Amino acid sequence: MAEIIIKNLRKEFGSFTAVQSSSFRIEDGEFFMLLGPSGCGKTTTLRMIAGLELPTSGQIWIDGEEVGQKPASQRDIAFVFQMFALYPHMNVRKNIAYPLVSQGLSRARVREKVEEVARLLRIEHILDRPVGGLSGGDRQRVALGRAIVRSPKAFMMDEPLGALDAEFREIMAEELRALHDRMGATTVYVTHDQLEAMQMGDKIVVMNHGVVEQFGTPQDIYDKPATMFVAEFIGSPAMNFLRFRGSVEAGATSVRMHHHVFEVPELREPFDGDIAFGVRPEHVRFSDNGAFRCRVDATEYLGTTQIVTLNSDHGQLKARISSDQPVRVDETVGLEFDPKTITLFDTGTGRALRSDLNEGVLSHG
Amino acid sequence: MSAYSITEPSSRAKWTAGILVTLYAVITMVPLLWIVATGFKTPSDAISYPPKVFFEPTVEGYVNVFTTRTRLSPEALAALPPPANFAEEIVRQYDMVIAGPSRFGERFLNSVIIGFGSTFLSIFLGTLAAYAFSRFKIPLKDDLLFFILSTRMMPPIAVAIPIFLMYRQLGLSDTHLGMILLYTAVNISLAVWLLKGFIDEIPREYEEAALIDGYTRFQAFYKVVLPQAATGIASTAIFCLIFAWNEYAFAVLLTSGTAQTAPPFIPTIIGVGGQDWPAVAAGATLFLVPVMVFTILLRKHLLRGITFGAVRK
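Residues numbered from 1 in each chain as written. Chains lettered and ligands numbered in written order. Predicted model: local features only at pLDDT ≥ 70, side-chain atom pairs only at ≥ 80, totals over all residues.

Chemist: Just checking my understanding: could you explain the interface of chain B and chain A for this structure?
Modeler: For an interface, size is often stated in terms of accessible area lost upon the parts coming together. Every contact between the two is made by 21 residues of chain B and, on the other side, 22 residues of chain A. If you list the elements that add at least two residues to the side of chain B that touches chain A, you get helix H10 (205–212) and helix H11 (217–246) of chain B. In terms of residues, the side of chain B that touches chain A owes the most to one element, H10 of chain B, which gives six residues. Partitioned by chemical class, the residues of the side of chain B that touches chain A number 12 nonpolar, five polar and four charged. (Contact = placed C-beta atoms within 7 Å. Helix = DSSP H or I, 4+ residues; strand = E, 2+ residues; numbered from the N terminus. Nonpolar A, V, L, I, M, F, W, Y, C, P; charged D, E, K, R; others polar.)

Chemist: Would you take a moment to explain the domain arrangement of chain B for this structure?
Modeler: Residues and elements named next belong to chain B. What the domain assignment reports for chain B is domain 1 (43–102) and domain 2 (105–303). The centre of domain 1, based on its C-alpha atoms, is set 38 Å off from the matching centre of domain 2. Mapped by element, the contributors of at least two residues to the side of domain 1 that touches domain 2 are helix H2 (43–47) and helix H3 (60–66). Among the elements that take part in the side of domain 1 that touches domain 2, H3 stands out by supplying six residues, more than any other. (Domains from an automatic or database assignment.)

Chemist: Quick question: what am I supposed to make of the sheet that holds strand E9 (residues 203–208) of chain A here?
Modeler: Residues and elements named next belong to chain A. What the six strands build is an open sheet, ordered E6-E7-E8-E3-E9-E10; its pairing is mixed. Two strands lie at the open edges of the sheet, namely strand E6 (77–80) and strand E10 (211–216), each paired on one side alone. On average, each strand axis in the sheet is inclined to that of its neighbour by 15°, with strand direction left out of account. (Pairing = 2+ DSSP bridges. Axes fitted to C-alpha atoms, helices over the stretch in contact; angles between N-to-C directions.)

Chemist: Quick question: what am I supposed to make of the environment of Leu 134 of chain A here?
Modeler: All names here are of chain A. Considering the arrangement of structural elements, one finds Leu 134 in the loop between helix H3 (107–121) and helix H4 (136–148). Using a count of 20 C-beta atoms within 10 Å as the deciding quantity, one classes Leu 134 as buried. For the pair Leu 134 and Val 92, spaced 42 residues apart in sequence, the C-alpha separation works out to 9.5 Å. Excluding residues within four positions of it along the chain, Leu 134 makes contact with Ile 126, Arg 129, Arg 139 and Val 142. (Buried ≥ 20, exposed ≤ 12 C-beta atoms within 10 Å, placed from the backbone.)

Chemist: Would you mind going over the sheet that holds strand E17 (residues 305–312) of chain A with me for this structure?
Modeler: Think of a sheet as strands paired side by side through backbone hydrogen bonds, with each pair either parallel or antiparallel. Residue and element names in this part refer to chain A. The five strands are arranged E15-E19-E16-E17-E18 in an open sheet whose pairing can be described as antiparallel. Edge positions in the sheet fall to strand E15 (284–286) and strand E18 (315–322), since each has one partner strand and no second. Adjacent strand axes in the sheet meet at a mean angle of 50°, parallel and antiparallel pairs treated alike. Pairing between E15 and strand E19 (residues 332–337): three bridges, direction antiparallel. Bridge pairing in E19 links Arg 285 to Glu 336.

Chemist: Explain the confidence of the model for chain B to me, please; I cannot follow it from the model alone.
Modeler: Should pLDDT be low for a region, the predicted coordinates there are not to be read in detail. Residue and element names in this part refer to chain B. Per-residue pLDDT for chain B averages 88, and the proportion of residues at 70 or more is 94%. Predicted confidence in chain B is weakest over helix H4 (residues 74–79), with a mean pLDDT of 84, and strongest over helix H6 (residues 104–135), with 95. Predicted confidence is poor over residues 305–313, with pLDDT under 50, and the contacts of this stretch with residues over four places away or in other chains come to 19 contacts. Quick note on the complex model: pTM equals 0.78, ipTM equals 0.79. (pLDDT = per-residue confidence, 0-100.)

Here you go:
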């Protein structure tokens, strides 16, 4: 069990920079998510922590030891691959035993440990089968078994649910989280699925183009996005951006968008230029006296809620409202925004302006 | 099972395919069977016209391949004790006695040493090189691979004269080592290219899993990659062995005494005086056996898809 600290980690492949100066800290026992679109550098970061890639520069501390340039075999961590990578020429038992064999444990001890792990994962009945004919879920369990049998300092998981069918994914996600909670081991988990990240993670790092966009708890990342990328990537539908040109003072509690004035969390920095007014769809309220008028373009019924697409002078936005509320396409409605949840962004750099809301969450500035 | 399955060929198609394959096999097997049969004929049966399909088999050819014989005068023959074994008995019918073993045994052994030695060396070096080409970043990788392949762009015998001169200078002519090195040099390009293809197919995750599981790169290579590459190694080994085993031109040119292989030796069996075709056929038949056995031993590797289903793609 270990704490993992990443400092200014950088990886270049030739002229391509896969990861630019990442820094974050993974607490002991945390279920930690590396989230981002494909090609954002999350897998490369994971592979660097595991020792499958060596960083171009920067440091990786595992359990108080700098391991950045050490080979994988000396880091005492386990890795669950997306394709499982079970050794095809060995049966289930041998696959799970393989990490123990390298440690030179006695046969009896290996047998005992393998069976203990098999019981934990409920795969005792397939121990002597070849891995070739196993179902996706069972392969996943064998891969997990191989990872946990050695009681490593930390687990690395590279989209371990990506190769599973949708029905299995749900089950395995729960099993994984339950397993983590029972063992309390530090887990670093790579995914491009924001729902998976929100659902399973204690903390999330959101990456894009090799840059860490934000690092925090799922709540912080959702409610207090540090950049426009995070605001758009997390949440479905994404955060709405009303774009306008304006200026704000430090200490201001409202912002003027042409003829409209909106309350916002108290700002901590002045800004002048192109601003995006960010509001999540569930924080958009319909109000007859709302001065901000929009036309309804479309509605999507989702059971308890509905998503309403609206057209305003400052661009399109979506609202998530209760399904009981009657809405007709083409009617004009007034809108209000929950003032405590608003984030203003500098459209030029994409970063959030500091305010009462996100004070202490943003890493930049 | 439906009678109109899309994936299952119809029974008529299967029959046709079966008949064609059998026909092809028969056509290719006839010369081979003829050689095997000739090995069991007497010299007169072997050259009789029309050719004899049914004949009384004898091991005379095999006796002649392994022995040298001397003709004796009838008086001397009569003075001899009765034949001690079946070989002696056969030879006496021709008024001869066995004078000693022939060279066939040692030539055959030379073939085994040189053929299997060069195959082993080609596979050993080829696997390591193929692994490196497949997995590591190597400067000028493509050029190096092309260079290795380019050694096969002319028939090897085209460089016979430089090799002959080189070998004379280096003292490698007519040595086992010289022939092993030569056949390895010819086979290595084939081995590297074939094996690289097979190793490329093996997902890197297996080795990475082994690295994570606490093994060194080399342990990962021989405990995880090699078993996966067994199919490729087996088929490459068969190709290498067949070339080294059958090679004739260099063997004629570079060997005469100690390291002569079977191919240049077998035609010399034909002998002086009568043409001993059964002996030649017997030598050729024996010569086929090792490659056949080797191929049969490795057959299961050729047919088995051992990575089946272990990785989802």
